[in-house]
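A structural walkthrough
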Amino acid sequence: MARWCYRHRLVVLLLWVGALFGLGFAATTAGTDYANVFSLPNTDSKRAYDQMEKAFPNSAGDTDTVVWKVDAGTVRDAPVRSRIQPVLDEIAGMKGVGKVAGPYQGERGAAQISRNGRIAYAQITFAEQANAVPKELVQKVVDTAQGAERGGLQVELGGQAIQRVQEPPTGLAEMVGILAAAVVLFLAFGSFFAMLLPIGIAIFGVGTGLFSTQLLSHTTAIPDLAPLLATLIGLGVGIDYALFIVTRHRRGILRGLAPEESAVVALNTSGRAVLFAGGTVCIALAGMLVTNLRFLDGVVIGTSLTVVFSVLAATTLLPALLGVLGTRVLSRRQRRKLAAQGPEPERASGAAARWSMNVQRRPRTIAALALVVMAILAIPVLSLHLGATDQGNDDSTTTTRKAYDLLAEGFGPGFNGPLQVVVTGGDTGALVKSIGGTSGVAAVAALPPANGVTVIQVVPTTSPQSTRTDQLIDTLRDRVIPDAGVKAHVGGVTAVSKDFATITGDRLPYFVATIIGLGFLLLLIAFRSLVVPLTAALMNLIAAAASFGVLVAVFQWGWGLGLLGLGKEGPINAFLPVIMLSLLFGLSMDYQVFLVSRMHEEWVHTKDNARAVRVGLAETGRVINSAALIMVCVFLAFVLSGDSGAAMAGVGLAAAVALDAFILRTALVPAAMHLLGNSNWWLPAGLDKRLPHLAVEPAEASSEETAPAGGGASVVHGFVRDVEGVPVDGAVLTLLSKGGRELDRVTSLADGSYIVSVPAPGRYLLSAKARSYGVRARHVVVTDEPLVHDVELAEGEVDADAVN
């Protein structure tokens, strides 16, 4: 497939461009039909909502609030009233505004003035729900209301529709994330064209995924949160997947492969891992379905579609683009060096190789330090409080936060989250009296009944996010309502948030068990080992605990919120653990697959665990860290999205990816694998026979000439001398498989002697080079016995075998 896409690159490119613009045109023409389906079956708040919907079927659209405060006098004073009332009348006359209920309208309006008379509010009811109200109308309402301000009179506005006009421009977070990723890619590759490849793949993957999701919103319920999360995950995996493949392709060209062959090898190795990793991400996302929270179904559809398109773009569009660029995926300096000095042998060098050696030398120390760091970061998770953020968590400079604070100041902290007790039978008066005498209730009032249903508004003494408000809801449900002998349910936004947090917490263990179990099975089949998937599952749990610890410290305790400009601390959104764990487990599995697949590849050929772990970490550590850095940049950019849920998910996922890549995959996992030794690759024989075969890496090409079967590892040894018989000190000898994979590398000693390890009998290529000498390479056939092979180097000579 890679070769076909490479050779028919213009056809592939045109198909992808046509798909992107075709889907984009169709989606733009059809528009969006995102539905905020928020159903909590078998909960008290859902039963309350159903009764209210029956009693008030023609309920109006979104209701927002205008709040004003005077520094002196009262809001009833004529100068204040003469400025506010005309403004309210003007807003009421705007097209798209249903009605405005102000405090200057009769006895009921008087309840909208605080006891000290200095704060009042009016309720603006739009004709449509918040997401459907035109932003131009909302902005006009805001400008008109705040136009009444003067010295000593403060006017603020709150509500969902008002919050929409405070959000930064659409696409700002995405653009910042892409620019940050571009910088990292350019530093990693040193080539402008190579930098563009992963970004282009991510744009095609995310674009086709989002347009498809938008079209599907007309046929199934997809929440408006889905495209935001799909963009977040799509940009991360799209750039990362292309990065892994392009890195392998560049390495192939530097090693002397023709661009087409290099692209085919890259897709047949890293491309397989990308395909496998994308599958694990989709499986982790599908784990959300076990929670039975219907609004998450649309999130699964949107995010999974985007991941699928990102994988397709990486495995079809990318080889076509590699064909267009040819050797320009290398920097100019690398192209000049390749032309002048010829191919360079494949080797792991630099910081990654040195770190890999350090992990091999001190596995216990490094594992202990990594565990201590992760344990410290996980401590805050013990105080995790699930709930819902509201406008009280907005930045203190926003009008919604100021309106929230003014209402809390004038009418009590519970005013921003009243409870709605929906009564369908029994003595309502007795229930009102009983609720009024309950500890934690600031005010209670029964609204006029409709269709046999009475709604009792209950204002708690504590804020909507307080645990004491949750306790009040339990008291009303468990004691007050049953004692009053009435049939009633407790609803309202605060009660819904509490029920959602409870359901999420109850179902979280099943969800975690599902995605860990599916991930375990996939890794078991791919790497044919029991220990590797067990290690991966344990590491995923450690990463989840530490990342949620960071999340609690930042958003619940408020550490660094000011620096991030994210407002006030509060509970962690109840939906976040499910979504974040899905993404975290999928992304963690990506890094595990890329790391362990290279180790497994080396293990299959050498049966040397220490070498397999060392080589795997040395060769993949740098690219994994680069990929993680890109994801961190993309995720942190969503702090600028203006959506508190996206900002929370962005910070949490950025912390999770950073900890997973920089501590777990490059320190704790390889250290643990060094300590476990050959048991890493143990699998009972009976289980091995029953498992299907699924290879993440391709099989090594068969040798043209092999020694008799049944032998084990052996060595090639001898001396390196010049044409006059003088020993050559410091010559580098490299043993390569027929496919060009480096199997061992040594340096000759002062007497010219060397010894290289051979994994199994067969035909290999042994190359030798030294400073001031040429390069020589010879095929050697190794049997069960050690092979003696002397090498003669001549100054400036490069033989044909070495070039080939």
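Here's what I pulled together on the structure shown here. (Residues numbered from 1 in each chain as written. Predicted model: local features only at pLDDT ≥ 70, side-chain atom pairs only at ≥ 80, totals over all residues. Heavy atoms only, no water.)

1. Let's talk about a positive patch on the surface
- A cluster of basic side chains, namely Arg332, Arg333, Arg336, Lys337 and Lys769, defines a positive patch on the protein surface.
- Per-element accounting of the positive patch gives the leading share, 4 residues, to helix α13 (residues 332–341).
- Topologically, arginine 332 is positioned in helix α13. (Patch = residues over 30% accessible without salt bridge, like charges linked within 9 Å, V, L, I, M, F, W, Y side chains within 5 Å. Areas by Shrake-Rupley, 256 points an atom, 1.4 Å probe, with all protein chains shown as cover. Salt bridge = Lys/Arg side-chain N within 4 Å of Asp/Glu carboxyl O. Lys, Arg positive; Asp, Glu negative; His and termini not counted. Charge placed at Lys NZ, Arg CZ, Asp CG, Glu CD. Helix = DSSP H or I, 4+ residues; strand = E, 2+ residues; numbered from the N terminus.)

2. Focus: the packing of helix α2 (residues 9–30) against helix α12 (residues 295–325)
- Interhelical geometry of α2 versus α12 gives an angle of 140° and a closest axis separation of 8 Å. When the axes of α2 and α12 are compared, the pair comes out oblique. Considering how the two elements wind past one another, α2 and α12 form a crossing that is left-handed. Contact with α2, carried on its side by Arg9, Val12, Leu13 and Trp16, involves Phe309, Leu312, Ala313, Thr316, Leu317, Ala320, Leu321, Gly323 and Val324 of α12 and no other residues of that element.
- Split by residue class, the contact of α2 with α12 holds 10 nonpolar, 2 polar and 1 charged. (Axes fitted to C-alpha atoms, helices over the stretch in contact; angles between N-to-C directions. Parallel < 35°, antiparallel > 145°, perpendicular 65-115°, else oblique. Left-handed = near helix turned anticlockwise from the far one by under 90°. Contact = heavy atoms within 4.5 Å. Nonpolar A, V, L, I, M, F, W, Y, C, P; charged D, E, K, R; others polar.)

3. Thoughts on helix α10 (residues 225–254)
- Its 30 residues place the ends of α10 44 Å apart at the C-alpha level, agreeing with the 44 Å of an ideal helix rising 1.5 Å per residue.
- Burial analysis of α10 places 28 of its 30 residues in the buried class, the great majority of the element.
- Positive phi appears at glycine 256, one or two residues downstream of α10, with a value of about 110°. (Expected span 1.5 Å × (residues − 1). Buried < 20%, exposed > 50% of the residue type's maximum accessible area, 1.4 Å probe, protein only.)

4. Comments concerning the sheet that holds strand β9 (residues 487–491)
- Strand order across the open sheet formed by 4 strands is β7-β8-β6-β9, with antiparallel pairing between neighbours. On the outer flanks of this sheet lie β7 (441–446) and β9, each paired with one strand and no other. Ignoring strand direction, the axes of neighbouring strands in this sheet form an average angle of 20°.
- Note: β7 against strand β8 (residues 454–460), 5 bridges, orientation antiparallel. Pairing of alanine 446 across the sheet is with isoleucine 456, part of β8.
- Most of the contacts of helix α18 (residues 467–484) go to β9, to which it runs at about 175°, and overall it touches β6 (419–425), β7, β8 and β9. (Pairing = 2+ DSSP bridges.)

5. Notes on unusual backbone geometry
- The phi torsion at arginine 528 lies on the positive side, around 50°, for a residue other than glycine.
- Note that arginine 528 resides in the loop between α19 (493–527) and α20 (531–556).
- Since its relative accessible area comes to 15%, arginine 528 is described here as buried.

6. Section: the sheet that holds strand β3 (residues 119–126)
- Pairing within the open sheet is antiparallel, and its 4 strands lie in the order β2-β3-β1-β4. For this open sheet the edge positions go to β2 (97–101) and β4 (153–158), each flanked by a neighbour on one side alone. Strand-to-strand, the axes of this sheet are offset by a mean angle of 20°, without reference to chain direction.
- Where β2 lies against β3, 4 bridges are found, and the strand directions are antiparallel. Counterpart to lysine 99 in the pairing with β3 is threonine 125.
- In this fold helix α4 (residues 78–92) packs onto β1 (63–70), β2, β3 and β4, with an angle of close to 160° to the strand it touches most, β2.
- Across the sheet, helix α6 (residues 135–146) lies against β1, β2, β3 and β4, angled at about 160° from β4, the strand it touches most.

What is shown is where atoms sit, not what they do.
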